[in-house]
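Notes for the structure review
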Amino acid sequence: MTDTLETAAAPAPDPAITALSFEAAMGELETIVRRLESGDVSLEESVALYERGHALRGHCEARLAAAQARIEQVSLGADGRPAGTTPFGES
């Protein structure tokens, strides 16, 4: 076997994936999962689909993290009671 696994840094994100909305990426990921589960794809295509699915999963996780960062959090007053809300990460 002449192929070796690369242990270098992860490849740059695919611009076609980074442009997708969360919903579009999740939809494509679900399609990939269905195709892989069907068993009707060749080994090479399975590997390519898995790699794209992995990239889509990472993109979805990043989108979720960004959304979470925008969620408002309750700020507490000196007495420990809710005093209002501020954007997540701001004090």
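Note that the structure is predicted; figures quoted are calculated from it, not measured.

**A look at the confidence of the model for the chain**
It should be kept in mind that the predicted coordinates are not to be read in detail where pLDDT is low. Averaged over the chain, the pLDDT score is 82; the fraction of residues at 70 or greater is 73%. Put simply, strand E1 (residues 72-76) is where the chain has its lowest mean pLDDT, 60, and helix H2 (residues 22-38) is where it has its highest, 97.

**Observations concerning helix H3 (residues 43-70)**
Given 3.6 residues per turn, any residue in an α-helix points the same way as the ones three and four places further on. For H3, spanning 28 residues, the distance from its first C-alpha to its last is 41 Å, which sits close to the expected 40 Å at 1.5 Å a residue. Turning to H3, its buried residues are Ser46, Leu49, Gly53, Leu56, His59 and Cys60. Tucked into the core, H3 has its buried residues touching helix H1 (15-18) and H2.

**Description of H2**
Relative to the 24 Å expected for 17 residues at 1.5 Å per residue, H2 spans 24 Å between its end C-alpha atoms, a close match to the ideal helical length. Every buried residue of H2 is listed here: Ala25, Leu29 and Ile32. End-on, the buried residues of H2 take up no more than an arc of 60°, which puts them together on one face. With respect to the buried face of H2, the exposed residues turned more than 90 degrees away are Glu23, Arg34 and Glu37. Where the residues of H2 are buried, they touch H3. Backbone geometry just after H2 places Gly39 at a positive phi near 75°.

**Digging into the pattern of salt bridges**
Counting across every chain of the model gives 4 salt bridges. Between Arg52 and Glu28 there is a salt bridge whose closest N-O contact spans 2.4 Å. Of the two residues, Arg52 sits in helix H3 while Glu28 sits in helix H2, which places them 24 residues apart along the sequence. The exposure class assigned to Glu28 is partly exposed, which follows from its relative accessible area of 25%.

Parameters and conventions
Residues numbered from 1 in each chain as written. Predicted model: local features only at pLDDT ≥ 70, side-chain atom pairs only at ≥ 80, totals over all residues. Heavy atoms only, no water. pLDDT = per-residue confidence, 0-100. Helix = DSSP H or I, 4+ residues; strand = E, 2+ residues; numbered from the N terminus. Expected span 1.5 Å × (residues − 1). Buried < 20%, exposed > 50% of the residue type's maximum accessible area, 1.4 Å probe, protein only. Contact = heavy atoms within 4.5 Å. Arc of directions from axis to C-beta. Salt bridge = Lys/Arg side-chain N within 4 Å of Asp/Glu carboxyl O.

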